[in-house]
There are 2 protein chains.
Amino acid sequence: MELLSSTKSFGGWLKRYKHESVSVKSEMTFAIYLPPQAETQSVPVLYWLSGLTCTDENFTQKAGAFRKAAELGLAIVCPDTSPRGTDYPNEHDSYDFGSGAGFYVNATVAPYSNTYHMYDYVVQELPKLVESHFPVTDKRSISGHSMGGHGALICALKNPDVYQSVSAFSPIVNPTQCPWGEKAFTGYLGEDRAVWTEWDATCLVETAEERLPLLIDQGEADNFLVEQLKPEALEAVCEKVGHPITLRRQPGYDHSYFFIASFIDEHLEFHSKALS
Amino acid sequence: MELLSSTKSFGGWLKRYKHESVSVKSEMTFAIYLPPQAETQSVPVLYWLSGLTCTDENFTQKAGAFRKAAELGLAIVCPDTSPRGTDYPNEHDSYDFGSGAGFYVNATVAPYSNTYHMYDYVVQELPKLVESHFPVTDKRSISGHSMGGHGALICALKNPDVYQSVSAFSPIVNPTQCPWGEKAFTGYLGEDRAVWTEWDATCLVETAEERLPLLIDQGEADNFLVEQLKPEALEAVCEKVGHPITLRRQPGYDHSYFFIASFIDEHLEFHSKALS
């Protein structure tokens, strides 16, 4: 791991690193916020997965999360949103596929199958790396925004033993049934829609054995609400199978980080409670 | 005024506008955060002046200030850092002169003297515009960062009747004696250093008749501290003439918005107290 920068914030430290990733076979950058408590004890970790076009920096610069993280003694780890450094056909042509749009799946379609293993990276490699290099416990929670909200939900639903809690802002809850998901899953997973369901929160809830409660905030003035996000699909299946969900529709809020900032403190408190 | 965007944040609204400015004779963009209280009453206003290369957006996206502003019932107005839309010799060649670097003075050297009147814009035109269009009182405070910290200090020292309070992060306190200031003042004000002193906080304190207390936060790990910022110059003259100053040297903090975010709440509380 190579330290890229180290910046003091709210008494703790925001550090950015790059490292050679085994799972995505390329150099990856991530950020970790270590609260002041990490100087004397091990602290639990919240993983934050960002949305389309983002890097590790959007959340760290715009979410305003470190004040509360410093108060609660919570580390926050922000990975990038895709492998970088390759140049596959169509990889850099659109904002919703390829670079910046890894969708937190393990791709099976060549050439993306060579490196686009963001699921393995986020669930396995990165926590192992973080836990071996920083003063953190093995208690993990996960959250994210939009594509990253989808990522947080599927990582937690597929691994309820790995995460103490999960939450999401404006998540793509049903990617098998919306344009963003259909484009990405076709490109990464192929034409067979049956295999897509393994990477769709609404489908996964239906067969989940452990019932990790879901906390979701969704802005009602979000431009992507009707066509892409469709939280009612997840809500309906949760109701059907009895999966606990708190879906808060927030009047007037859009899809931006101004929305996330407005409610991030409540998410951090939710995770901190589950982690302690 | 033309509304560019309107975004809900912490129960209030962040609005961006553009308008034809009389003082700088060009189209200017500014942002205003209206806290939830502004829906039912008039609220006081903090003016925030940004640093080199910034627009109205750096503070709104990175300072994490709206949570506390919403709590205190404080509007925040963020102007741009220079006129835009002209193409003078050298105007766009460097980060520390011309566009994005208006230094909050009234330029007297042609051609900058045609439009670079950021002082008039910030002290007179913008407050008049804001107070005639929004539910705000005529109580004003001012703060800023780096070049904007310099701006906040000179605006308040030259107009102690206009502002209830002033604070700054990492301000250029003595621009007549540092490379950034010397370059800008030569370009905007000419070679005669005697006229520069009208735009230098350390010089203005020496002759100030009203003694508005100064609150300044300065990171000790700030890369610009020794060569450009030199807070000890202001501190010394304040001590000499008995001008009240609280200069807080913050160990480990740098020049970034991560530093500003860490202490912005305390500045907002300081201003809110003076404004109420």
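Only a predicted model underlies this, so the values are computations on that prediction, with no experimental measurement involved. (Residues numbered from 1 in each chain as written. Chains lettered and ligands numbered in written order. Predicted model: local features only at pLDDT ≥ 70, side-chain atom pairs only at ≥ 80, totals over all residues. Heavy atoms only, no water.)

This part takes up the overall build of chain A. Tallying secondary structure elements over chain A gives 10 helices and 9 strands in all. Taking 2.2 N^0.38 as the reference for a compact globule, 276 residues should give roughly 19 Å; the C-alpha atoms of chain A span a radius of gyration of 17 Å, in line with that estimate. The dimensions of chain A, computed from C-alpha atoms along their principal axes, are 50 × 40 × 35 Å. A total of 276 residues make up chain A; the buried ones form 62% of that total. (Helix = DSSP H or I, 4+ residues; strand = E, 2+ residues; numbered from the N terminus. Rg over C-alpha atoms; globule rule 2.2 N^0.38 Å. Buried < 20%, exposed > 50% of the residue type's maximum accessible area, 1.4 Å probe, protein only.)

As a further point, take the interface of chain B and chain A. The interface is formed by 21 residues belonging to chain B together with 22 residues belonging to chain A. For the pair chain B and chain A, the summed buried area comes to about 1800 Å², and 58% of that belongs to carbon and sulfur atoms. Interface area lost by chain B to chain A is led by Lys8(B), Gln61(B) and Phe258(B), which between them contribute 35%. At the junction of chain B with chain A, the criterion picks out 0 salt bridges. Our enumeration of links across chain B and chain A arrives at 6 residue pairs in polar contact (both at pLDDT 80 or more). In terms of residues, the side of chain B that touches chain A owes the most to one element, helix α10 (residues 257–275) of chain B, which gives 4 residues. For the side of chain B that touches chain A, the per-class residue count stands at 8 nonpolar, 8 polar and 5 charged. (Contact = heavy atoms within 4.5 Å. Buried area = accessible area lost by both parts, 1.4 Å probe. Salt bridge = Lys/Arg side-chain N within 4 Å of Asp/Glu carboxyl O. Polar contact = N/O pair within 3.5 Å; in protein donor to acceptor, adjacent residues only side chain to side chain. Nonpolar A, V, L, I, M, F, W, Y, C, P; charged D, E, K, R; others polar.)

Here we take up α10(B). Residues and elements named next belong to chain B. At Phe263, α10 is bent by approximately 50°, the largest bend along its length. Extensive coverage of α10 is indicated by the burial of 14 of its 19 residues. The backbone nitrogen of Phe258 has a side-chain oxygen 3.1 Å away, supplied by the residue at the start of α10, namely Ser256. (Bend = angle between axes of the 7 residues up to and from the residue.)

Mapped onto the elements, Ser82(B) comes out in the loop between β5 (75–79) and α3 (118–133). Apart from the residues lying within four places of it in its own chain, the contact partners of Ser82(B) are Met28(B), Gly98(B), Ser99(B), Gly100(B), Ala101(B), Gly102(B), Tyr116(B) and Met118(B).

Superposing chain B onto chain A takes a rotation of 180° combined with a translation of 0.0 Å along the rotation axis, leaving an RMSD of 0.0 Å. Given the turn and translation reported, the copies of this chain are related as if by a two-fold rotation axis. The overlap is high: 100% of the interface residues of chain B also sit at the interface in chain A, so the same surface is used on both sides. (Least-squares fit on C-alpha atoms with pLDDT ≥ 70 in both.)

With that settled, consider helix α9 (residues 231–241) of chain B. Residue and element names in this part refer to chain B. Every buried residue of α9 is accounted for by Pro231, Leu234, Val237 and Cys238. Seen end-on, α9 carries its buried residues on one side only, within an arc spanning 135°. Across α9 from its buried face, at more than 90 degrees, point the exposed residues Glu239 and Lys240. Just beyond α9, the residue with positive phi is Gly242, at close to 80°. (Arc of directions from axis to C-beta.)

A few words on the confidence of the model for chain A. Looking at chain A as a whole, its pLDDT mean stands at 98, while 100% of the residues score no less than 70. At the level of chain-chain contacts, confidence expressed as ipTM amounts to 0.96, with global pTM at 0.97. (pLDDT = per-residue confidence, 0-100.)

We now examine the pattern of salt bridges. A side chain of one charge can pair with a side chain of the opposite charge when the charged atoms of the two come close. Residues and elements named next belong to chain A. A full pass over the atoms with the stated rule returns 34 salt bridges over all chains. When the shortest N-O distance is used, the salt bridge between Arg16 and Glu57 registers 3.4 Å. With Arg16 in strand β2 (residues 12–20) and Glu57 in helix α1 (residues 57–62), this residue pair connects regions lying 41 residues apart in the sequence. Linking Glu198 and Lys158 is a salt bridge whose minimum nitrogen-to-oxygen distance equals 3.7 Å. Of this pair, Glu198 sits in the loop between α6 (193–196) and α7 (201–207) while Lys158 sits in helix α4 (residues 147–158), and the two are 40 residues apart along the sequence. By relative accessible area, Glu198 is classed as partly exposed at 44%. Several salt bridges converge on common partners, so that one network encompasses Arg67, Lys68, Glu71, Asp265 and Glu269.

With that settled, the discussion passes to the environment of Ala65(B). Along the chain, Ala65(B) falls in the loop between α1 (57–62) and α2 (66–72). Beyond its immediate sequence surroundings of up to four residues, Ala65(B) is in contact with Phe59(B), Ile76(B), Ile264(B) and Leu268(B).

With that settled, consider the pairing of strand β4 (residues 43–49) of chain B. Residues and elements named next belong to chain B. Burial analysis of β4 places 7 of its 7 residues in the buried class, which makes it a mostly covered element. The pairing of β4 with strand β6 (residues 136–144) spans 6 bridges and is classified as parallel. Bridge assignment links Val45 to a residue of β6, and that residue is Arg140. As paired elements, β4 and β5 share 3 bridges and run parallel to each other. Residue pairing for β5: Val45 is matched across the bridge by Ala75. (Pairing = 2+ DSSP bridges.)

What follows is about the packing of aromatic side chains. Within this structure, the stated rule accounts for 42 aromatic pairs over all chains. Ring geometry for Tyr112(A) against Tyr188(A): centres 5.6 Å apart, planes inclined by 70°, an arrangement best described as edge-to-face. Of this pair, Tyr112(A) sits in the loop between β5 (75–79) and α3 (118–133) while Tyr188(A) sits in helix α5 (residues 179–189), and the two are 76 residues apart along the sequence. The class for Tyr112(A) is buried, based on a relative accessible area of 4%. An aromatic cluster of three or more residues is present, and its members are Trp48(A), Phe59(A), Phe169(A), Tyr253(A), Phe259(A) and Phe263(A). Over the ring of Trp199(A) we find Lys158(A), and its NZ or CZ is 4.2 Å from the ring centre. Of note, Lys158(B) hangs over the ring of Tyr119(B), and the distance from its end group to the ring centre comes to 5.4 Å. (Phe/Tyr/Trp six-rings, centres within 6.5 Å; stacked < 30°, edge-to-face > 60°. Lys NZ or Arg CZ within 6 Å of the ring centre and 35° of its normal.)

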